[in-house]
Amino acid sequence: PLSEILNLHDFEAIAKYTMAEKAWAYYSSAADDEITNRENHAAFHRIWFRPRILKDVTKVDWSTTILGQKSSMPVYITATALGKLGHPDGELNLTRAAAKHDIIQMIPTLASCSFDEIMDAAAPGQVQFFQLYVNKDREITKRIVQHAEKRGIKGLFITVDAPQLGRREKDMRQKFEAEDPSEVSKADQGGVDRSQGAARAISSFIDPGLNWSDMAWFRSITNMPLILKGVQCWEDALEAYDIGLSGVVLSNHGGRQLDFARSGLEVLVEVTTKLKEKRGLSFPNEKFQLFIDGGVRRATDVLKAVALGATAVGIGRPFLYAYSAYGPEGIDQALQILHDEFEMNMRLLGACSMKEVIPEMVDASNIHLHIVSVPSDNLYESNYERLQG
Ligand code: HOC
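The residue count restarts for each chain, going from 1 along the sequence in the order it is written. This being a predicted model, a pLDDT of at least 70 is required before a residue's local features are given, and a value of 80 or more before pairs of side-chain atoms are given or counted; all residues contribute to the totals for chains, interfaces and linings. Remark: hydrogens and water are excluded; side-chain values derive from all non-hydrogen atoms of the structure.

**Notes on the overall build of the protein**
Reasoning step 1: We count a stretch as a helix when DSSP gives it H or I for four or more residues in a row; a strand needs E for two or more, and each element gets its number in order from the N terminus. Regarding its fold elements, the protein presents 16 helices and 12 strands.
Reasoning step 2: Every radius of gyration here is taken over C-alpha atoms, with the globule rule written as 2.2 Å times N^0.38, N being the number of residues. Against the compact-globule benchmark of 21 Å for 389 residues, the protein has a radius of gyration of 20 Å, which places it among compact chains.
Reasoning step 3: C-alpha extents for the protein along the principal axes are approximately 60 × 50 × 45 Å.
Reasoning step 4: Burial statistics for the protein: of 389 residues in total, 57% are counted as buried.
Reasoning step 5: Within the protein, counting contacts between residues at least 6 apart in sequence, those at least 24 apart form 74% of the total.
Reasoning step 6: For accessible areas, the Shrake-Rupley method is used with a probe of radius 1.4 Å. Any residue's cover is judged against the shown protein chains and nothing else. A total of about 16,900 Å² of accessible surface is found on the protein, and carbon and sulfur atoms cover 52% of it.
Reasoning step 7: When charges are counted, Lys and Arg contribute as positive and Asp and Glu as negative, whereas His and the chain ends are disregarded. Each charge is placed at NZ for Lys, CZ for Arg, CG for Asp and CD for Glu. Charge centroids of the protein, computed over 43 positive and 52 negative side chains, lie 3 Å from each other. The cut-offs for exposure are 20% and 50% of the maximum accessible area for each residue type, with area from a 1.4 Å probe on protein chains only; residues under the lower value are buried, those over the upper are exposed, and the others partly exposed. Throughout, a contact is declared for two residues whenever any of their heavy atoms are within 4.5 Å.

Okay, here's the thing in structure tokens:
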């Protein structure tokens, strides 16, 4: 029962055994040997706290501001595709929960529900961001972007880590048949190859030609804040800052693209160090905001990222697992768990507000010490069984 779910890991454990095989394969899969997927979470284990004592922590407040928009916690719901694979209401589960808990949802290009359906389900004044995959046909992209702006989207997150689809082998072993064929064609806007998993079926329209010179074009077609999602080294973060973008998401796409890409958390340490050295920036920074996603399962993970300079952190899979297993009550519970974890851990850390969660509160000296990698436990085993069968 839901009352026995105590943390975000629990949702994943339950979802694995209750979700349809294809849905689980698509949501949970990651690239190649899934080393980056595992590393995303493992990286948080290399940061330790340096709490302060004897502060009056009777009242603690974990609310914050993200791209000028209020949020009840330094967490947003990051974009994940094909929300209806897990539950018939798909992304609407996330929209409603975001409204209820006063956090921001990043609406994905490849949502199962249409963009307007999601916007129509939003509460009055609800703040949303939009994640963009750039189409080979730039007119389509222009239409999507301008429509998003017109409907009140407050930030455009352009995905830049996916010029080609990574090999998600768990997903590739599934033949993708969307129950509603329009689910794919709507998302795909092009030809559909259904023979190798959901990801392949929905991604063929994406333009591998996207490059830095396109950023001026984006600036010319919209006034929304522009953020690059999928930056993985300080050089690209610096470039994004220099050309006047509003921020970057240090992300490896949930380990679903380039295996052996580093965790967003590790890249965060590199980016804040270098941007301070090169441009004198300190973080969190209102003018140029840093976000990370991947492997976040606890409020302590979020507090570590904030201490190291992130404005906020994206969470994706745990919310999918929560609503896939339990429907809207699941995601409600997931967000309540996070709120409770923030309250307790801020008290224990000696921080009354997000402004007090500072670099001195963590010891990040081990962040670059990687654990020797071995393939994920179940990746090959399950395939051996399959091949033998
Ligand atoms: C080359 C395009 O974000 C996922 C989604 C869709 C991927 C498109 C990649 O499955 O990670």
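After that view of the structure, there is still more to cover.
**Digging into the pattern of salt bridges**
Reasoning step 1: The salt bridge criterion pairs a side-chain nitrogen of Lys or Arg with a carboxyl oxygen of Asp or Glu, the two atoms within 4 Å. Counting across every chain of the model gives 18 salt bridges.
Reasoning step 2: A salt bridge links Arg297 to Glu12; the nearest nitrogen and oxygen atoms lie 3.9 Å apart. Highlighted residues: Arg297 in the loop between strand 10 (289–293) and helix 13 (299–307) and Glu12 in helix 1 (residues 8–18), separated in sequence by 285 residues.
Reasoning step 3: By relative accessible area, which is 11% here, Arg297 ends up buried.
Reasoning step 4: Residue Asp332 pairs with Lys100 through a salt bridge whose shortest N-O separation is 2.8 Å. A residue pair is termed long-range when its members are at least 10 positions apart, and Asp332 in helix 15 (residues 328–349) and Lys100 in helix 4 (residues 92–101) qualify at 232 residues.
Reasoning step 5: One network of salt bridges, in which partners are shared, links Glu39, Arg46 and Glu266.

**Some words on the site of the ligand**
Reasoning step 1: A cutoff of 4 Å decides nearness: a residue is near a molecule or strand if any of its heavy atoms lies inside that distance of it. The ligand sits among Tyr26, Leu110, Tyr133, Ala162, Gln164, Leu165, Arg168, Ser203, Ile206, His253 and Arg256.
Reasoning step 2: A distance of 2.9 Å is found between an oxygen atom of the ligand and a side-chain nitrogen or oxygen belonging to His253.
Reasoning step 3: Expressed as a share of its isolated accessible area of 340 Å², the protein-covered part of the ligand is 94%.
Reasoning step 4: Three residue categories are used. Nonpolar comprises Ala, Val, Leu, Ile, Met, Phe, Trp, Tyr, Cys and Pro, charged comprises Asp, Glu, Lys and Arg, and polar comprises the others, including Gly. Looking at the shell around the ligand residue by residue, the classes come out as 6 nonpolar, 3 polar and 2 charged. Within 3.5 Å is the distance limit for a polar contact, defined as a pair of N or O atoms, with the added protein rule that one can donate a hydrogen and the other accept it, and that residues adjacent in sequence qualify only through two side-chain atoms.

**Here we look at the packing of aromatic side chains**
The relative placement of two aromatic rings is captured by the distance of their centres and the angle of their planes.
Reasoning step 1: Stacked, tilted and edge-to-face pairs are distinguished by plane angle, under 30 degrees for stacked and over 60 for edge-to-face with tilted covering the rest, among Phe, Tyr and Trp rings (Trp via its six-membered ring) whose centres lie within 6.5 Å. In total, this model carries 10 aromatic pairs according to the counting rule given.
Reasoning step 2: Between the aromatic rings of Tyr26 and Tyr27, the centroid separation amounts to 6.0 Å while the plane-to-plane angle is 55 degrees, which identifies the pairing as tilted. Each of the two residues, Tyr26 as well as Tyr27, counts as buried.
Reasoning step 3: Ring centres of Trp217 and Phe218 lie 5.0 Å apart, and the angle between their planes is 65 degrees; this geometry places the pair in the edge-to-face category.

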